[in-house]
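An overview of the molecular structure
The residues making up each chain are set out below.
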Amino acid sequence: MKYVLVTGGVVSGLGKGVTASSVGVVLKACGLRVTSIKIDPYLNTDAGTMSPFEHGEVFVLDDGGEVDLDLGNYERFLDVRLTKNNNITTGKIYQSVLEKERKGDYLGKTVQVVPHITDAIKNWIESVAVIPVDGKEGPADVCVIELGGTVGDIESMPFIEALRQLSFSVGPDNFCLIHVSLIPVLGVVGEQKTKPTQHSVRELRALGLTPHLLACRSAQPLLENTKEKLSQFCHVPIGNILNIHDVPNIWHVPLLLRNQNAHHSILKQLNLLSIAAPPNLQAWTKRAETYDNLKNSVRIAMVGKYVGLADSYLSVVKALLHACIACSLKPSIDWIAASDLEDESAKLTPKDHAAAWETLRNAECVLVPGGFGDRGVGGMILAAKYARENNIPYLGICLGMQISVIEFARSVLGLKRANSNEFDSETPNPVVIFMPEGSRTHMGSTMRLGSRRTLFQTPDCVTSKLYVMIIFFSLERTSRYMLLYIQLNNLLSFIVVICLQQWMLVPRVITFIYQLTNLVVRMVTKLLFLHLVLPFAQQLAGSW
């Protein structure tokens, strides 16, 4: 197995996840199979209980794993299906070591950070790296590992030591280190400063890891003398100093790496030049240029609880982007804090209240994403009511779906106190109830999570027709509450029609046409076997 490690220095939030994903894209374009691992040094077992304000959105995998949002980037860029074990946290490592200690697996030895924690990290990486994630058999050729945080953080020290040991054990031909750093420009001077990167590389080398490539983040392309200075003081060949400057969209990042021959430097370090092909990024280039050339836009009002941080709804934003591009539109997302739409806001913050309603009225469609707690629920209900009464396309995801049911039950069915048990445990009309298999005492990993196949009991129902008459569909679920079937039965068709507008269905329609085609092929094959091949075989056996 070949390993590419991506670390970061100077400051956090430089785009290590996009860099790691882009490196994977370029290597995959060279004909190699790629898998990914994200290391998060925090003590949480997973990202499931973390506030979106703290760490951005929680990305949910097919197997129900609640992981860092960077794994969403990996899946979107590399077209792979990762597992919860592809996200390593300090909490997971310590939990596994302590479980072994309690079982006596260490035979009475003193359990220490070195070697027991570091060994557990290495074993985890090596075992996960060989698991295929691209639908093919056998391990991948290259595993791209992203180490979260910045070099020098106390919590990441065990991981850096484990990765140092891993680089030594697998050998120099199987390990490539890319260090992502910042090249700031002081406003007064206007000069690109290399000193922060020099210190970051010095810190990394002091810990036993030497970068083979530098990925330098900057607002503008690096000057040649800046590259020469970095090469001289960071001991990195000038051809291995990559510049990832600001671009119109992140789909340009793999193209930046390709244009700077990053693939050649990585393949040379990993001794893969003999088996790799030149990178084929024609489809990727077309996608990036298509987005740049879009002229028409659609205004989408995003009414949520965590709009202060755009990364809180990263996957929703990316899904909107992909759907809009399929319709030759550029998404223009207007963020609305749900609490600003409420009547109470008109008294406390009248300017914010007026601005929020003005934004909502100017929107061409409304999206209410997921969330927990009752803050802002009143505003979301008002947004759903406005969309329904004014015939504006509305998409409710998770909590947003529940909100549309509550609003319809109150405004149309006359159930004035209709509510969710999450917001009012004493409501006489609970249209959303707590899932019976859920835990009321523990928060982590107690919801319905991941991809679940949903079968239609009525093949020609409204939902089946919207999904092009298939017999099942798969949903990514992240929910602790469920719609009460008795209350929902007479409004299901209305909600489905509201929530699944045609302009949002294009990617899914293509997917389900493909599924339907496969189903028809299997049925025809089975019929041919039963009515042609099997009778002929029986006749032939009888003649013998």
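Residues numbered from 1 in each chain as written. Predicted model: local features only at pLDDT ≥ 70, side-chain atom pairs only at ≥ 80, totals over all residues. Heavy atoms only, no water.

By the naming in an unreviewed UniProt entry, the protein chain is CTP synthase, taken from Citrus sinensis.

**Here's the deal with the sheet that holds strand β12 (residues 365-368)**
Overall, parallel pairing links the four strands, which are arranged β11-β10-β12-β13 in an open sheet. Across the chains shown, the open sheet's two edge strands, defined by having one partner strand only, are β11 (330-337) and β13 (394-396). Mean inter-strand twist for the sheet, computed between neighbouring axes without regard to direction, equals 20°. Strand direction decides the pairing type here: β12 and β13, joined by three bridges, are parallel. When the bridges of β13 are listed, Leu367 appears paired with Leu395. Lying on the sheet, helix α16 (residues 399-411) is in contact with β12 and β13; it crosses β13 at an angle near 120°. (Pairing = 2+ DSSP bridges. Helix = DSSP H or I, 4+ residues; strand = E, 2+ residues; numbered from the N terminus. Axes fitted to C-alpha atoms, helices over the stretch in contact; angles between N-to-C directions. Contact = heavy atoms within 4.5 Å.)

**Digging into the environment of Lys122**
Its place among the elements puts Lys122 in helix α5 (residues 113-129). Exposure remark for Lys122: the relative accessible area of 16% places this residue in the buried category. It is 9.9 Å that separates the C-alpha atoms of Lys122 and Glu161, two residues lying 39 residues apart in sequence. Excluding residues that lie within four positions of it along the chain, Lys122 makes contacts with Ala162, Gln165 and Leu166. Side chain to side chain, Lys122 and Gln165 meet in a polar contact 3.0 Å long. (Buried < 20%, exposed > 50% of the residue type's maximum accessible area, 1.4 Å probe, protein only. Polar contact = N/O pair within 3.5 Å; in protein donor to acceptor, adjacent residues only side chain to side chain.)

**Here we look at the packing of α5 against helix α6 (residues 157-170)**
Interaxial distance between α5 and α6 falls to 9 Å at its minimum, and their mutual angle equals 65°. Crossing geometry of α5 relative to α6 is assigned as right-handed. On α6, the residues touching Val113, Val114, Ile117, Thr118, Asp119, Ile121, Lys122, Ile125 and Glu126 of α5 are Pro158, Phe159, Glu161, Ala162, Leu163, Gln165, Leu166 and Val170. Residue composition of the contact of α5 with α6, grouped by class: 11 nonpolar, two polar and four charged. (Left-handed = near helix turned anticlockwise from the far one by under 90°. Nonpolar A, V, L, I, M, F, W, Y, C, P; charged D, E, K, R; others polar.)

**Regarding the pattern of salt bridges**
Counting across every chain of the model gives 16 salt bridges. Here Asp70 ties to Lys38 by a salt bridge, and the two come within 2.9 Å at their closest N and O atoms. Of this pair, Asp70 sits in helix α3 (residues 70-78) while Lys38 is found in strand β2 (residues 34-40), placing the two residues 32 residues apart along the sequence. Of the two residues examined, Asp70 and Lys38, each falls in the buried class. Residue Glu161 pairs with Arg164 through a salt bridge whose shortest N-O separation is 2.7 Å. Taken together, the positions of Glu161 and Arg164, both in helix α6 and three residues apart, correspond to about one turn of that helix. (Salt bridge = Lys/Arg side-chain N within 4 Å of Asp/Glu carboxyl O.)

**Quick notes on the sheet that holds strand β6 (residues 142-147)**
Spatial ordering of the open sheet is given by β5-β2-β6-β1-β7-β8-β9, a layout of seven strands whose pairing is parallel. Looking at which strands have only one partner, the edges of the open sheet turn out to be β5 (87-89) and β9 (241-245). On average, each strand axis in the sheet is inclined to that of its neighbour by 20°, with strand direction left out of account. As defined by bridge partners, strand β8 (residues 213-218) adjoins β9 across five bridges and the pair is classed as parallel. Of the residues in β9, the one forming a bridge with Ala215 is Leu242. Lying over the sheet, α3 contacts β2, β5 and β6, oriented at roughly 170° with respect to β2.

**A look at the packing of aromatic side chains**
Within the structure shown, the criterion is met by five aromatic pairs. With 6.0 Å between their ring centres and 35° between their planes, Tyr306 and Tyr313 make a pair best called tilted. An aromatic cluster of at least three residues, connected via ring pairs, comprises Tyr306, Tyr313 and Trp335. Cation over ring: Lys330 sits above Tyr291, and NZ or CZ is 5.0 Å from the ring centre. (Phe/Tyr/Trp six-rings, centres within 6.5 Å; stacked < 30°, edge-to-face > 60°. Lys NZ or Arg CZ within 6 Å of the ring centre and 35° of its normal.)

**A look at a nonpolar patch on the surface**
On the surface, Leu43, Tyr94, Leu98, Val113 and Val114 cluster together into a nonpolar patch covering about 460 Å² of accessible area. Only α4 (90-103) and α5 provide two or more residues apiece to the nonpolar patch. With respect to the helices and strands, the residue Val113 is situated in helix α5. The class of Val113 is partly exposed, set by a relative accessible area of 36%. (Patch = residues over 30% accessible without salt bridge, like charges linked within 9 Å, V, L, I, M, F, W, Y side chains within 5 Å. Areas by Shrake-Rupley, 256 points an atom, 1.4 Å probe, with all protein chains shown as cover.)

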